[in-house]
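Report on the structure
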Amino acid sequence: MGLFDRFKKNKELPFSRGSYFHTAINDDDLHTLINQAIDVFERNEHADTETIILSIYRIYPDKNLAIALYRFIPTAFCRLFFYQVNYSDEYIVASKGKEPQEFHYSDDGIYNMVAMISKQRIIQSARPEATFNVLFHSADFNAINKAVKDGAELENLSCFPSYFAKTV
């Protein structure tokens, strides 16, 4: 590792701007981590939230990033799967004792990388059924799926902003 590589790895990188937290992971490592996190979802059909987050955390020990990937990956998959639905660009993060803060998926560098990789993974999937292992973790997917079963047309559906509790 050269002098410039060490400097580049230690500074906060611009892709974390726009997110509700900052991380020092570089783009290449984030790309790899996102793919590995999608693998975790796909391989663990009946895993609960905590199991998925812990599995991602074991790959890269940043609790905030593990939680963000748990939130963002199913969201991206749902938006790609049910692309006809009108989704809100906002997501809201609430912290105990503080006013909720609004962020935008379109401005979030981490979410945007998740969305790009998710699209590639869905298109290139050798196991399309594994996509559902990701989708079932999305509250939007579950609500949309229920609405469609009840007779709603996808084009007539809209989703409210996501609401997340800041846990760390």
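For the structure itself, consult the block above.
Residues numbered from 1 in each chain as written. Predicted model: local features only at pLDDT ≥ 70, side-chain atom pairs only at ≥ 80, totals over all residues. Heavy atoms only, no water.

Position of R71 among the secondary structure elements: in helix α4 (residues 63-81). For R71, which is buried and forms no salt bridge, the nearest opposite charge comes from D108, at a distance of 9.6 Å. A polar atom in the side chain of R71 sits 2.5 Å from the backbone oxygen of A165. (Helix = DSSP H or I, 4+ residues; strand = E, 2+ residues; numbered from the N terminus. Buried < 20%, exposed > 50% of the residue type's maximum accessible area, 1.4 Å probe, protein only. Lys, Arg positive; Asp, Glu negative; His and termini not counted. Salt bridge = Lys/Arg side-chain N within 4 Å of Asp/Glu carboxyl O. Polar contact = N/O pair within 3.5 Å; in protein donor to acceptor, adjacent residues only side chain to side chain.)

Attention now goes to the nonpolar core. With 45 residues, the main nonpolar core has Y20, L69, F72, I73 and I144 as its most contacted residues. Only α2 (27-43), α3 (49-59), α4, β2 (90-94), α5 (109-124), α6 (130-135) and α7 (139-149) provide two or more residues apiece to this core. Among the elements that take part in this core, α4 stands out by supplying 11 residues, more than any other. When residues no more than four places from it in sequence are discounted, the contact partners of F72 are S19, Y20, Y91, Y105, D108, I110, Y111, V114 and F164. (Core = buried A, V, L, I, M, F, W, Y, C linked by side-chain atoms within 4.5 Å. Contact = heavy atoms within 4.5 Å.)

Within this structure, the stated rule accounts for four salt bridges. Ionic pairing is found between R127 and E129, a salt bridge with its closest N-O pair at 3.3 Å. Using a relative accessible area of 40% as the deciding quantity, one classes R127 as partly exposed. Given a relative accessible area of 47%, E129 falls into the partly exposed group.

Attention shifts here to the environment of N156. Here N156 lies in the loop between α7 and β4 (158-159). With 72 residues separating them along the chain, N156 and Q84 place their C-alpha atoms 8.5 Å apart.

Further remarks concern a nonpolar patch on the surface. On the surface, F81, F132 and F136 cluster together to form a nonpolar patch covering roughly 270 Å² of accessible area. Structurally, the position occupied by F81 is in helix α4. (Patch = residues over 30% accessible without salt bridge, like charges linked within 9 Å, V, L, I, M, F, W, Y side chains within 5 Å. Areas by Shrake-Rupley, 256 points an atom, 1.4 Å probe, with all protein chains shown as cover.)

Attention now moves to the packing of aromatic side chains. Taken as a whole, this structure holds 15 aromatic pairs when the rule is applied. When the ring of F81 is compared with that of F82, the centres are 5.1 Å apart and the planes differ by 75°; the resulting orientation is edge-to-face. Judged by relative accessible area, F82 falls into the buried class, the value being 10%. Both rings, one in Y105 and one in Y111, keep their centres 4.7 Å apart while their planes meet at 55°; by these two values the pair is tilted. Three or more aromatic residues joined by ring pairs form one cluster here, namely F72, Y91, F103, Y105, Y111 and F164. (Phe/Tyr/Trp six-rings, centres within 6.5 Å; stacked < 30°, edge-to-face > 60°.)

Here we come to the packing of α3 against α4. At a closest axis distance of 9 Å, the pairing of α3 and α4 adopts a crossing angle of 130°. Between α3 and α4, the angle falls in the class oblique. As α3 packs across α4, the resulting crossing turns out to be right-handed. Between α3 and α4, the contacting residues are T49, I52, I53, I56 and Y57 on the first element and K63, A66, I67, L69 and Y70 on the second. Counted by class, the contact of α3 with α4 contains eight nonpolar, one polar and one charged residues. (Axes fitted to C-alpha atoms, helices over the stretch in contact; angles between N-to-C directions. Parallel < 35°, antiparallel > 145°, perpendicular 65-115°, else oblique. Left-handed = near helix turned anticlockwise from the far one by under 90°. Nonpolar A, V, L, I, M, F, W, Y, C, P; charged D, E, K, R; others polar.)

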